Amino acid sequence: VMPQTREHLAILDLLGVDQGIVALTKADLVDGDRLAAARNGVANLLLGTSLEGIDILPVSSATGAGVSELHARLVEASGRIERRQQADAFRFAVDRSFTLQGAGTVVTGIVLSGSIEVGDQVIIGPSGIQARIRGLHAQNRKAKRGHAGERCALNLAGDSVSKDAISRGDMVLDPALHDPCDRIDARLRVLASETKPLTQWMPVRLHHAACEIGARIVLLGDEPIAPGQEGFVQLVLERKIAAVSGDRFV
């Protein structure tokens with residue numbers, strides 16, 4: 001298991017992702033003993049994380065072995081996630097903003113919760129710009145509605161809407177959710193692999209959805225938070241962002 005994979009797993013664990021499948025790739029290149037050893041290595045890596053015990057599925061893009069099963073399992077899992085989140089208010093994490101000739105301002109990103117359809121009124125957070133959904137694409141296809149879990153492109157219209165007014169890390173929101181903040185009370189866990197504790201007023205980089213921002217740690221307990229431990233903190237951000245209660249972050 002390579003260092004980048006360990007880092008990605010740590011991020012998934014901090015985000016609380018508890019559903020998944022391991023695709024053990026290039027399975028056609030090894031014998032049964034080597035494949036079993038690789039499976040055991042991955043299973044041991046997952047121990048103690050939010051993904052402990054998930055299925056490990058050997059696949060091969062060269063022979064096609066396992067690919068159909070993997071596809072079916074992913075489709076089934078995505079359906080469960082959409083049903084769980086569609087009842088929530090709409091939130092969309094912007095990772096790109098650009099101008100498209102004949103359409104105007106377009107933003108791309110992931111629908112974090114809820115759903116959206118052409119004609120809906122939204123707010124861009126944290127700026128507070130009001131906009132209307134002029135058109136949308138979901139999963140690279142023109143659509144009337146986008147749902148939680150889908151990657152979408154939203155064509156936005158409004159008096160203050162422009163490519164430069166919307167940035168990576170902004171949120172397109174149900175207007176009822178617009179309440180940007182620059183202070184976040186949180187329970188913070190320090191990875192056991194870290195080499196030093198979190199101390200008072202320590203500078204950090206906060207990753208929240210598509211947003212990356214500087215912050216300071218205010219400890220709400222008496223002692224630093226040591227590696228492998230967790231505690232209550234307040235995050236003091238360098239500017240306001242569109243976060244809501246219950247969000248996960250790194």
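Everything in this summary refers to the structure shown in the same document. (Residues numbered from 1 in each chain as written. Predicted model: local features only at pLDDT ≥ 70, side-chain atom pairs only at ≥ 80, totals over all residues. Heavy atoms only, no water.)

1. Quick notes on the nonpolar core
Proteins that are soluble and globular tend to have nonpolar side chains buried together. In this structure, Ile184, Leu206, Ile217, Val233, Leu235, Leu237 and Ile241 are the most contacted members of the largest nonpolar core, which totals 20 residues. Going through the elements one at a time, strand E12 (181–189), strand E14 (211–219) and strand E15 (230–241) are the ones with two or more residues in this core. The dominant element in this core, judged by the number of residues it contributes, is E14, at five residues. Residues in contact with Leu206, not counting those within four places in the same chain, are Ile184, Cys211, Glu212, Ile213, Ala215, Leu235, Leu237, Ile241, Phe249 and Val250. The next biggest cluster of nonpolar side chains, apart from the first, holds 19 residues, and it includes Phe92, Ile124, Leu156 and Val172. (Core = buried A, V, L, I, M, F, W, Y, C linked by side-chain atoms within 4.5 Å. Buried < 20%, exposed > 50% of the residue type's maximum accessible area, 1.4 Å probe, protein only. Helix = DSSP H or I, 4+ residues; strand = E, 2+ residues; numbered from the N terminus. Contact = heavy atoms within 4.5 Å.)

2. Overview of the pattern of salt bridges
All told, the structure shown has ten salt bridges when counted by the stated rule. Close ionic contact of Arg73 with Glu69 constitutes a salt bridge, the shortest N to O distance being 3.1 Å. Linking Arg73 with Glu69, this pair stays in helix H3 (residues 67–85), spanning four residues, or about one helical turn. Using a relative accessible area of 25% as the deciding quantity, one classes Arg73 as partly exposed. Residues joined in a network through salt bridges with shared partners are Asp55, Glu69 and Arg73. (Salt bridge = Lys/Arg side-chain N within 4 Å of Asp/Glu carboxyl O.)

3. Considerations on the environment of Thr105
Tracing the backbone through its elements, the reader meets Thr105 in strand E4 (residues 104–113). Classification of Thr105 by relative accessible area gives buried; the value is 8%. Once the C-alpha coordinates of Thr105 and Arg134 are considered, the two residues, 29 residues apart in sequence, prove to be 9.7 Å apart. What Thr105 contacts, discounting residues up to four positions off in sequence, is Ser97, Phe98, Leu154, Asn155, Leu156, Val161, Ser162, Lys163 and Ile166.

4. Some words on the sheet that holds E14
On the basis of which strands lie adjacent, the open sheet formed by four strands has the order E12-E15-E14-E13 and antiparallel pairing. Either end of the sheet is taken by a strand with one partner, and the two such strands are E12 and strand E13 (203–208). Pairwise comparison of adjacent strand axes, ignoring direction, gives a mean angle of 40 degrees for this sheet. Across eight bridges, E12 lies against E15 in antiparallel orientation. (Pairing = 2+ DSSP bridges. Axes fitted to C-alpha atoms, helices over the stretch in contact; angles between N-to-C directions.)

5. Notes on the packing of aromatic side chains
Applying the stated criterion to the full structure yields one aromatic pair. Taking the centre distance of 6.4 Å and the plane angle of 20 degrees together, the rings of Phe90 and Phe92 count as stacked. Neither residue differs from the other here; Phe90 and Phe92 are each classed as buried. (Phe/Tyr/Trp six-rings, centres within 6.5 Å; stacked < 30°, edge-to-face > 60°.)

6. Looking at helix H1 (residues 3–14)
Relative to the 16 Å expected for twelve residues at 1.5 Å per residue, H1 spans 17 Å between its end C-alpha atoms, a close match to the ideal helical length. Along H1, the positions that sit buried rather than exposed are Leu9, Ala10, Asp13 and Leu14. Projected down its long axis, H1 shows its buried positions confined to an angular sector of 135 degrees, all on one face. The inward-facing, buried residues of H1 abut helix H2 (32–46) and E12. One or two positions beyond H1, positive phi appears at Gly16, with a value near 75 degrees. (Expected span 1.5 Å × (residues − 1). Arc of directions from axis to C-beta.)

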